[in-house]
Amino acid sequence: MLEKLFKLSEHQTTLKQEVLAGFTTFLTMAYIIFVNPDILAKAGMDKGAVFAATCIAAAVGCFVMGLLANYPIALAPGMGLNAFFTFSVVGDMGYSWETALGAVFLSGCCFMILSLVKIREWIVNSIPMSLRMGIAAGIGLFLALIALRSAGIVVDNSATLVGMGELKAFPVAMSALGFFLIIAFVQRGYKAAVIMSILTITVLGVIFGGVEFQGVFSAPPSLAPTFMAMDLSGVLDISMISIVFAFLFVDLFDTSGTLVAVAHRAGLLEQDGRLPRLKRALTADSIATMAGAALGTSTTTSYIESTAGVSAGGRTGLTAVVVGLLFLAALFISPLAGMVQPYATAGTLFYVAILMMSSLLHVEWDDLTEAAPMVVAALVMPFTYSIANGIALGFISYAIIKVLCGRYKDLNIGITVIALLFLGKVLFL
């Protein structure tokens, strides 16, 4: 049955190799079961329900990707988009988390439509590389600011907006230690570096920080507080368009980049560089996003950490299925997840920020018409606490700068239309 489903012999792999790859991928991305509930709880969502939704949404995404597309790519609620959900859409803009879930669901529907009618390639190809890199770097900076604030290193200051917190405080020290441990573990080659750091800081919190030990295993928490709680009627507000677009846009590029990177690492690309079964892979991602929203979590997307499993020998969807099974097993460690404090995950956020900011290496710094809009997109995100604002001003500045510099031929229909739509929103909405 496994041979028929996943074509193990054709991909020159074995059951043992795929299972090992699945365990490897899971260990590199299991931190999300601790980080995601911590972030979404700040939006007013039930932490236990979000924990369950995170595990189940990840499992659904992995199963669909493995069985439908036969790729060794795992999915889970995405970093960056969960922060945008909580701190921008709910916190800054004032929408309810139910409406935010509705926006996530609608973005998943749009993603599926774009995938089925093959518009996705046109959209991706019409967006300049500099803006793609700027968006990735901006999300990294956004996560870094959230991490520093969660750690207590950056605090409010009435004179300068932000200031330095009390560095001798226990949460600050634990956040810093968690970050240092991740870097040390990664450099030493530990696949589970991030989750090892989170668990170490959690144990220290129990010993020295007054965190009450609640056990490790229990029955899964109830999904009832978030299951099908999304408010689709609230998404019909015209002001929600940019929010839905931001969820869609970031997921679109995140997924596309991850699929190509993992497939290339696994040697699954065709001779012309095309990705076989691309439509199925994108459909799997969109199904995972819609399922996640219905369950009660932010956008579910493909994880670049899947490259760890590929490096361990994963070549088929069986790797993804194994990851999905492990996420279901993780449902039974909710007491452990409940003990994880914000300072235990702050170092993780900062580490992910560093990874995302590496995209700045690929920017054409010698061409200001490319570099300037990228910097606008990257800096506006953390300074306005909004990924959507960064995307909008990045597109608008790209179009204006190209026209003023006489480089209007660099503008294609896609970026022109998107820039005009964003400009119209800024001026009239």
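Preceding this section is the structure that the text describes.
Residues numbered from 1 in each chain as written. Predicted model: local features only at pLDDT ≥ 70, side-chain atom pairs only at ≥ 80, totals over all residues. Heavy atoms only, no water.

Per the secondary structure count, the protein chain includes 19 helices and 4 strands. For a compact globule of 429 residues, the expected C-alpha radius of gyration is about 22 Å, and the protein chain comes in at 21 Å, within 12% of that figure. With the C-alpha coordinates aligned to their principal axes, the bounding extent of the protein chain is approximately 60 × 60 × 45 Å. Out of the 429 residues belonging to the protein chain, those deemed buried represent 55%. Expressed as a percentage of contacts within the protein chain between residues at least 6 apart in sequence, the contacts between residues at least 24 apart total 81%. (Helix = DSSP H or I, 4+ residues; strand = E, 2+ residues; numbered from the N terminus. Rg over C-alpha atoms; globule rule 2.2 N^0.38 Å. Buried < 20%, exposed > 50% of the residue type's maximum accessible area, 1.4 Å probe, protein only. Contact = heavy atoms within 4.5 Å.)

For the rest of this paragraph, the subject is the environment of M230. Secondary-structure assignment places M230 in the loop between α10 (193–208) and α11 (241–266). Residue classification places M230 among the buried residues on the basis of a relative accessible area of 14%. Sequence-wise, M230 and S334 are 104 residues apart; in three dimensions their C-alpha atoms are separated by 23 Å. Ignoring any residue separated from it by four or fewer positions in sequence, one finds M230 in contact with E98, L101, G102, F105, A293 and A294.

A word on the packing of aromatic side chains. With the rule as written, the count across this model stands at 12 aromatic pairs. An angle of 75° between the planes, with centres 5.3 Å apart, marks the rings of F245 and F422 as edge-to-face. With F245 in helix α11 and F422 in helix α19 (residues 413–428), this pair connects stretches of sequence that are 177 residues apart. Exposure remark for F245: the relative accessible area of 24% places this residue in the partly exposed category. Given the relative accessible area of 7%, F422 is considered buried. Ring pairing ties together the aromatic residues F245, F249, F395 and F422, which thus form one cluster. Its guanidinium or amino end placed over the ring of Y71, R277 lies 4.5 Å from that ring's centre, counting from NZ or CZ. (Phe/Tyr/Trp six-rings, centres within 6.5 Å; stacked < 30°, edge-to-face > 60°. Lys NZ or Arg CZ within 6 Å of the ring centre and 35° of its normal.)

Under the criterion given, the structure shown has 0 disulfides. With no disulfide of its own, C55 lies 11 Å from the sulfur of C62, the closest cysteine sulfur. Lacking any disulfide linkage, C110 is separated from the closest cysteine sulfur, that of C109, by 6.8 Å. On the accessibility criterion, C110 (28% relative accessible area) is partly exposed. (Disulfide = S-S within 2.5 Å.)

Their axes nearest at 11 Å, the elements helix α5 (residues 81–92) and helix α8 (residues 129–151) cross at an angle of 65°. With respect to α8, the element α5 is oriented roughly perpendicular. Pair α5 / α8 crosses with left-handed handedness. Where α5 abuts α8, its residues A83, F84, F87 and S88 lie against F142, L143 and I146. Across the contact of α5 with α8, the residue classes break down as 6 nonpolar, 1 polar and no charged. (Axes fitted to C-alpha atoms, helices over the stretch in contact; angles between N-to-C directions. Parallel < 35°, antiparallel > 145°, perpendicular 65-115°, else oblique. Left-handed = near helix turned anticlockwise from the far one by under 90°. Nonpolar A, V, L, I, M, F, W, Y, C, P; charged D, E, K, R; others polar.)

The phi dihedral of N70 is positive, around 55°, even though this residue is not glycine. When its relative accessible area of 9% is taken as the criterion, N70 is described as buried. The backbone of Y385 sits at a positive phi, close to 60°, despite the residue not being glycine. By secondary structure assignment, the location of Y385 is in the loop between α17 (368–384) and α18 (387–404).

So, on to the pattern of salt bridges. Counted by the stated rule, this structure contains 5 salt bridges. For K402, the salt bridge goes to E370, with nearest N and O atoms at 2.8 Å. Of the two residues, K402 is situated in helix α18 and E370 in helix α17; the sequence distance between them amounts to 32 residues. Classification of E370 as buried rests on a relative accessible area of 10%. Between K402 and D410 there is a salt bridge whose closest N-O contact spans 2.9 Å. Residue D410 is classed as partly exposed on the basis of its relative accessible area of 33%. Because the salt bridges share partners, they merge into one network encompassing D367, E370, K402, R407 and D410. (Salt bridge = Lys/Arg side-chain N within 4 Å of Asp/Glu carboxyl O.)

Shape descriptors only; they carry no functional weight alone.
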